[in-house]
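Letter by letter, the chains look like this.
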Amino acid sequence: MAGTLIPFDPYSGAPRALPECDEFLPELARDFRMVVTTGDGHDSARGLLAGFGLVNHFECIYGDLFSPVGKPYGEILRHLGGRPEWSLSIGDRMSADVASDTDQVVTLLINQGDDVATAGLVFLIISTLKRHAQDFPAAFVAWRETLEPAPEAMGPSYGGEIVEAHRTSKGLSCLLLTYRHPVLDGDRFIIQI
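Remember, it's a predicted structure, so these values are computed and weren't measured experimentally. (Residues numbered from 1 in each chain as written. Predicted model: local features only at pLDDT ≥ 70, side-chain atom pairs only at ≥ 80, totals over all residues. Heavy atoms only, no water.)

Okay, the overall build of the protein next. Within the protein, the secondary structure is distributed over 7 helices and 9 strands. In terms of overall size, the protein behaves like a compact globule, its C-alpha atoms giving a radius of gyration of 16 Å where 193 residues would be expected to give roughly 16 Å. Overall size of the protein, expressed as C-alpha extent along the three principal axes, is 40 × 35 × 30 Å. Counting across all 193 residues of the protein, residues that qualify as buried make up 50%. Partitioning the intrachain contacts of the protein with sequence separation of at least 6 by distance along the chain shows that 55% fall at a separation of at least 24. When the accessible surface of the protein is split by element, carbon and sulfur atoms take 51% of a total near 9,400 Å². (Helix = DSSP H or I, 4+ residues; strand = E, 2+ residues; numbered from the N terminus. Rg over C-alpha atoms; globule rule 2.2 N^0.38 Å. Buried < 20%, exposed > 50% of the residue type's maximum accessible area, 1.4 Å probe, protein only. Contact = heavy atoms within 4.5 Å. Areas by Shrake-Rupley, 256 points an atom, 1.4 Å probe, with all protein chains shown as cover.)

Written as structure tokens, this is what we have:
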């Protein structure tokens, strides 16, 4: 997540903190324990986050996480005493940011287009999920059932396949994707903005 919070500005090419982080990270911390997971080294990620004044928002940093697909969120949550069904992965790469060892963690993929998402938009998505059901996978399914199918978004993707896709039609613009990969047990629920 360190790289997700410090995206490159599409116009200048310079790194910058995700807009509105200072406002919304404390809001998220009221309801969630927040950690950073990254393929980068622990010290490198800590330095990057510290350089942008963000490191103190996080309980800990899990670095050097490499696997063929995803990250070991289930293992990390067991270590923290967390519940996968009430956990979100927020990232910017499908191949790296889905859970490799549980199908209960919903993934929010940001910065998938030309515009950089704001922390406020991330907060809005999380608030929407919290309103729909008693846990995030159930909320994803309930929300998906109210949306229009987006068959053009289905098909092969990052060594796996998008087997279901739905698009919001008003206001908030996002895709709800069901992703299946041959090395992962179960489907992964992904919200792409």
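So, about the packing of helix α6 (residues 119–132) against helix α7 (residues 136–144). Across the interface, α6 lies against α7 with an axial gap of 8 Å and an inter-helix angle of 90 degrees. Regarding the angle of α6 to α7, the classification is roughly perpendicular. For the pair formed by α6 and α7, the contact residues are Ile 125, Thr 128, Leu 129, Lys 130 and His 132 on the first element and Phe 136, Ala 139, Phe 140, Ala 142 and Trp 143 on the second. (Axes fitted to C-alpha atoms, helices over the stretch in contact; angles between N-to-C directions. Parallel < 35°, antiparallel > 145°, perpendicular 65-115°, else oblique.)

Turning to helix α4 (residues 73–80), a few remarks are in order. Each turn of an α-helix holds 3.6 residues, which means side chains three or four residues apart point in the same direction. Of the residues making up α4, those classed as buried are Tyr 73, Gly 74, Ile 76, Leu 77 and Leu 80. Down the axis of α4, the sector holding all buried residues measures 160 degrees, keeping them to one side. Away from its buried face, by an angle of more than 90 degrees, α4 presents the exposed residues Glu 75, Arg 78 and His 79. On its buried face, α4 is in contact with β1 (35–37), β2 (60–62), β3 (88–91) and α5 (94–97). (Arc of directions from axis to C-beta.)

Right, let's talk about the pattern of salt bridges for a bit. Summed over all chains, the structure comprises 10 salt bridges. Here Glu 59 ties to Arg 33 by a salt bridge, and the two come within 2.6 Å at their closest N and O atoms. You can see Glu 59 sitting in the loop between α3 (42–51) and β2 and its partner Arg 33 sitting in the loop between α2 (21–31) and β1, a full 26 residues away along the chain. The residue Glu 164 makes a salt bridge to Arg 144 at a minimum N-O spacing of 3.7 Å. Residue Glu 164 is located in strand β7 (residues 160–167), and its partner Arg 144 is located in helix α7; the two are separated by 20 residues in the primary sequence. Residue Glu 164 is classed as partly exposed on the basis of its relative accessible area, which comes to 32%. Judged by its relative accessible area of 11%, Arg 144 falls in the buried class. (Salt bridge = Lys/Arg side-chain N within 4 Å of Asp/Glu carboxyl O.)

Attention shifts here to the environment of Glu 161. Structurally, Glu 161 can be placed in strand β7. Here the alpha-carbon distance between Glu 161 and Thr 178, two residues 17 residues apart in the chain, equals 8.4 Å.

Core analysis: the largest hydrophobic core is formed by 38 residues, its most contacted members being Leu 5, Leu 108, Ile 110, Ile 125, Trp 143, Cys 174 and Ile 191. No other element matches α6, which puts 5 residues into this core. Among the nonpolar cores identified, the runner-up in size contains 12 residues, and Val 98, Leu 177, Tyr 179 and Ile 190 belong to it. (Core = buried A, V, L, I, M, F, W, Y, C linked by side-chain atoms within 4.5 Å.)

A few words now on the packing of α2 against α6. Running from N to C, α2 and α6 point in directions that differ by 25 degrees, and their axes come no closer than 8 Å. One finds that α2 runs roughly parallel with respect to α6. Read as a crossing pair, α2 and α6 show a hand that is left-handed. Along the contact surface, α2 presents Cys 21, Phe 24, Glu 27, Leu 28 and Asp 31, while α6 presents Ala 119, Gly 120, Phe 123, Ile 126 and Lys 130. For the contact of α2 with α6, the residue count by class is 6 nonpolar, 1 polar and 3 charged. (Left-handed = near helix turned anticlockwise from the far one by under 90°. Nonpolar A, V, L, I, M, F, W, Y, C, P; charged D, E, K, R; others polar.)

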